[in-house]
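# Coordinate analysis (summary)
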Amino acid sequence: MKKLVVILALIIGIPLHAQHTISGTFSPAKDYKWLIAYRLKPGTQSYIADTAVKNGVFNLKIPANALPGTYRLVYAVPQEQFYFDVIYNGKEDITFAFDATNGVSFFTSDENILFNTYFKEINDLEQQITNYYTSSSTDEKEFKALTKQLQSTQDTYEKKTEGTMAYHFIKSNKPYIPTNAEPVEVYVNNKKTHYFDALDFDNPILQASGFLTDKMINYVFTALPLKPMTDIEKQKAMNHNVDTINEKLKTVNDPYKMHLFYSLWTQASVTTSNITADYIYKTYLKELASTAKNKTIIDEVEVHNRLRIGALAPDIQWKKDGVSQSLSNLKGAENYVLVFWSSTCSHCLHELPALHKKLEDFNTVKVVAVGLENDDVNWKKESADLSHFEHAIALGKWESAYASTYNIQQTPTYFILDKDKRIIAKPDNDKEVVEFLEKE
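Report on the accompanying structure.

Criteria and cut-off values
Residues numbered from 1 in each chain as written. Predicted model: local features only at pLDDT ≥ 70, side-chain atom pairs only at ≥ 80, totals over all residues. Heavy atoms only, no water. Helix = DSSP H or I, 4+ residues; strand = E, 2+ residues; numbered from the N terminus. Rg over C-alpha atoms; globule rule 2.2 N^0.38 Å. Contact = heavy atoms within 4.5 Å. Areas by Shrake-Rupley, 256 points an atom, 1.4 Å probe, with all protein chains shown as cover. Lys, Arg positive; Asp, Glu negative; His and termini not counted. Charge placed at Lys NZ, Arg CZ, Asp CG, Glu CD. 1 Å grid on protein atoms, 1.4 Å probe; cavity = no way out; pocket = protein on both sides within 12 Å on 5 of 7 lines; lining within 4 Å. Points joined across faces, edges and corners; volume = space filled by probe spheres on them. Nonpolar A, V, L, I, M, F, W, Y, C, P; charged D, E, K, R; others polar. Pairing = 2+ DSSP bridges. Axes fitted to C-alpha atoms, helices over the stretch in contact; angles between N-to-C directions.

### With respect to the overall build of the protein chain
- Looking only at helices and strands, one finds 15 helices and 15 strands in the protein chain.
- Over its C-alpha trace the protein chain gives a radius of gyration of 28 Å, far above what one expects of a compact globule, namely 22 Å for 440 residues.
- Referenced to the eigenvectors of the C-alpha coordinate spread, the extents of the protein chain come out at roughly 85 × 80 × 45 Å.
- Taking all contacts inside the protein chain whose residues are at least 6 apart in sequence as the whole, residues at least 24 apart take part in 60%.
- About 24,200 Å² of surface is accessible on the protein chain, with carbon and sulfur atoms providing 52% of the total.
- Within the protein chain, the 55 negative side-chain charges are centred at a point lying 4 Å from the centre of the 48 positive side-chain charges.

### A word on the layout of surface pockets
- Approximately 270 Å³ is the volume attributed to the second largest pocket.
- Considering the residues around the second largest pocket, the lining is formed by 15 residues, among which Trp-318, Lys-319, Trp-379, His-391 and Ala-392 are closest to the centre.
- Elements represented by at least two residues in the lining of the second largest pocket include exactly strand S9 (317-320), helix H13 (377-384) and strand S13 (390-395).
- Residue composition of the lining of the second largest pocket, grouped by class: 7 nonpolar, 4 polar and 4 charged.

### Thoughts on the sheet that holds strand S12 (residues 365-373)
- Here we have 5 strands laid out as an open sheet, ordered S13-S12-S11-S14-S15, and mixed in their pairing. Edge positions in the sheet fall to S13 and strand S15 (423-425), since each of these pairs with one other strand and no more. Going across the sheet, the axis of each strand differs from the next one's by a mean of 30 degrees, ignoring polarity.
- Two strands pair when backbone bridges link them, and strand S11 (residues 335-341) and strand S14 (residues 413-417) are joined in this way by 5 bridges, in the antiparallel orientation. Counted as the bridge partner of Phe-340 is Thr-413 from S14.
- Contacting S11 and S14, helix H12 (residues 346-358) crosses the sheet at an angle of about 160 degrees to S11.

### Some details on the pairing of strand S8 (residues 103-108)
- Here strand S7 (residues 94-99) runs beside S8; their pairing, made up of 5 bridges, is antiparallel. By the bridge assignment for S8, Phe-96 is matched with Phe-106.
- From the end of S7 to the start of S8, which pair antiparallel, there are 3 residues.

Just geometry here; none of it tells us what the structure is for.
Okay, structure coming up:
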């Protein structure tokens, strides 16, 4: 009996981690089938759990040993686009409703409710100040009332969330709050000057989230002079902002610094700000990635630069009736279409004949079809039916040189070039190829 008492005492004395859940609904229900939870870490993430979404309803069980942090909930692919983040403190269940139009609304979890409410209120107040300036108002009482409310809201939420994870985000998000009405140019300049006042780049909770990344992207791409600028002038101003970011990151370790610069490069690339993308890579990111021996980032940048809109398409060579031909020497067309396909690909055998038929009357378009093949037996048969195309073959299929040069991940893959062989579009299918060419 004494042994049993001792055992019970030991069991009771061991702190138990309760298992919590993240549950709720997705709308419209038919569009969602699964949900994956990752715990964010500085510059990376780790898998936590996943669950099915049935009729728009889900219940995700978080492992009892899962650590608190910012959790990324992914609900579609590509994962880097279809997600939202929540705070998991290990103490409470989280329930919410996600709507494709209105986003997420929390029903339980005090931290997430306070976090979301704060950002909605603070963003609304900052928008009201923006409206004050855009309406050319000169009512100083109105301005002071807005800034007073802004300060009060910031103070209230800092006090409400003290001791929570949300506090770190709210405190670091404190905006510039002028004490008196000031000209719009002064206000904008002061917002930029004081942008980093509350930010703590060394805070591990902020690093293990998307918060600092979002703040840096916002600064680089929106903290710009209030004057008309050409695209080149705009990107030079962005480059200056990148330099400012680098100054602010002096105490940050290189791996996390690399993550931030990689995020900035990605944003510049997506928005086709190529001058800024190149500046970020050559000035900061390349050295950081090389030091870390991160070949993945270096390869990704090189592939992107080689194939981005405006880049000269890498040359392709083939033989026609025993005579050497090349993409660079083709002439007489306003547009060229490159299509990478395979004679064993069912999608290709559906799309290429359809494209061949559609382009028969396009006298200013030439098509170069590159077959990714293991051998030429079936390729000869299928390519013979596409007589209006120029045909090249890349033996070795996915391991072939052209598949590597053009980073081919699936067949068919299309590129549209202008008369100078520069890439101007990357359609997803044959119909998009035709639609683009019809607009040219």
